[in-house]
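Here is what each chain is made of, one letter per residue.
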Amino acid sequence: MDEVLWAIGRASGVTALVLLSTSVVLGVLTRSGRPLPGLPRFAIVLVHRDVALAATAFVGLHVLTLLFDPLAQLSVTDLVVPFMGEFRPLWQGLGTVAFDLLLAVVITALLRHRLGLRTYRAVPWLVYAMWPVAVLHGIGNGTDAGTGWFLVVTAVSVAAVAGAVWWRLSRWFAESSRSRQAVR
Ligand code: HEM
């Protein structure tokens with residue numbers, strides 16, 4: 001049973017990281033307002049939302065399974081208070097920081113009508129802060145971090161997010177978004 005919990009804990013961590021990365025890329029695409037071949041703009045918005053929800057669910061599965069896994073030796077405090085763990089406190093603590101940032105995203109999204117648009121606009125910044133912290137946590141804490149498949153999955157995720165952020169900051173993104181606004 002311990003082995004099963006450990007396997008689910010690792011698999012859900014990797015799945016969460018891939019989904020978080022996909023969600024960042026889709027978020028940038030949503031902001032650009034551009035369609036993809038075979039996927040109109042409204043569908044990208046919906047897929048972005050669903051992928052973000054799935055990523056959150058997998059992070060939940062990751063922390064819950066590892067909490068019940070005796071090998072991981074986690075306490076409930078370790079889930080929310082960073083750098084207190086017995087095992088690899090720095091790398092595990094980064095996971096906790098990422099988890100806290102994710103909680104802030106979820107709470108902000110749930111309370112968006114009360115908090116107002118200005119506060120809601122903090123969500124992408126929280127995600128941009130969370131993503132690299134989660135990547136470092138996975139590389140530093142994961143048993144699978146030394147394996148080829150893990151390195152490939154992480155490298156592809158990093159390349160995809162780096163490409164999306166580069167495009168977001170480039171003048172091509174600003175130009176296409178200005179020309180769309182002019183058309184409207
Ligand atoms: C956004 C939040 C998080 C993400 C995306 C994430 C992702 C990951 C990834 C990708 C791994 C590597 C799995 C592998 O080796 O195959 C991992 C490992 C691990 N994570 Fe997280 N994590 C998050 C939060 C947390 C939190 C809050 C804790 C608990 C304090 C935690 C505890 C662990 C532990 C103990 C491992 C090592 C598992 C092992 O390989 O033995 N993680 N995590």
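Above this text is the structure in question.
Residues numbered from 1 in each chain as written. Predicted model: local features only at pLDDT ≥ 70, side-chain atom pairs only at ≥ 80, totals over all residues. Heavy atoms only, no water.

Check the secondary structure of the protein chain and you find nine helices and zero strands. In the protein chain, the succession of α and β elements from N to C terminus is α-α-α-α-α-α-α-α-α. The C-alpha atoms of the protein chain give 18 Å as radius of gyration, which agrees with the globular expectation for 184 residues (16 Å, within 12%). Overall size of the protein chain, expressed as C-alpha extent along the three principal axes, is 60 × 40 × 25 Å. Across the protein chain, contacts joining residues at least 24 apart in sequence account for 61% of those joining residues at least 6 apart. (Helix = DSSP H or I, 4+ residues; strand = E, 2+ residues; numbered from the N terminus. Rg over C-alpha atoms; globule rule 2.2 N^0.38 Å. Contact = heavy atoms within 4.5 Å.)

Bringing the site of the ligand into the picture now. Taken together, 25 residues lie around the ligand, and W6, H62, H137, T143 and D144 are the ones closest in. Secondary structure elements with two or more residues in the shell around the ligand: α1 (2-32), α2 (41-68), α3 (76-80), α4 (89-110) and α7 (123-141). Looking at the shell around the ligand, its residues break down into twelve nonpolar, ten polar and three charged. (Near = heavy atom within 4 Å. Nonpolar A, V, L, I, M, F, W, Y, C, P; charged D, E, K, R; others polar.)

Protein-derived coordination of the iron atom of the ligand comes from H62 (NE2) and H137 (NE2), at a distance range of 2.0 Å. In this structure, the iron atom of the ligand is coordinated by six donor atoms arranged in octahedral fashion, with angles at the metal of 87 to 179°. A residue pair is termed long-range when its members are at least 10 positions apart, and H62 in helix α2 and H137 in helix α7 qualify at 75 residues. For the pair shown, H62 and H137 are each scored as buried. (Donors = N, O, S within 2.8 Å, 3.2 Å for Na, K, Ca; no water. Tetrahedral: all angles 85-135°; square planar, octahedral: opposite > 155°, others 65-115°. Buried < 20%, exposed > 50% of the residue type's maximum accessible area, 1.4 Å probe, protein only.)

Along the chain, the position of Q92 falls in helix α4. By relative accessible area, which is 11% here, Q92 ends up buried. Contact partners of Q92, with chain neighbours within four places excluded, come to L74, D78, G85, F87, H137 and N141.

One finds V127, M130 and W131 to be the most contacted residues of the largest nonpolar core, which totals 29 residues. Looking at this core, the elements that each hand over two or more residues are α1, α2, α4 and α7. Excluding residues that lie within four positions of it along the chain, M130 makes contacts with L20, A98, L101 and L102. (Core = buried A, V, L, I, M, F, W, Y, C linked by side-chain atoms within 4.5 Å.)

The next point concerns the environment of F150. Relative to the assigned elements, F150 resides in helix α8 (residues 148-169). Taking the relative accessible area as the measure of exposure, F150 reaches 6% and is therefore buried. The spatial distance from the C-alpha of F150 to the C-alpha of W125 is 27 Å, given a sequence separation of 25 residues. Once residues within four sequence positions are removed from consideration, F150 is found in contact with V14, G138, I139, D144 and A145.

Taking 1.5 Å per residue, 28 residues should reach 40 Å; α2 reaches 41 Å between its end C-alpha atoms and fits that length. Taken together, the buried positions of α2 are A43, I44, V51, A55, V59, H62, V63, T65 and L66. For α2, the elements touching its buried residues are α1, α3, α4 and α7. (Expected span 1.5 Å × (residues − 1).)

Right, let's get into the pattern of salt bridges. Should their charged atoms come close, side chains of opposite charge can pair. Under the counting rule described, the total for this entry stands at two salt bridges. With a shortest N-O distance of 2.9 Å, R10 and D144 are connected by a salt bridge. Remark: D144 occurs in the loop between α7 and α8 and R10 occurs in helix α1; sequence separation between them is 134 residues. On the basis of relative accessibility, which here comes to 26%, the residue R10 falls in the partly exposed class. (Salt bridge = Lys/Arg side-chain N within 4 Å of Asp/Glu carboxyl O.)

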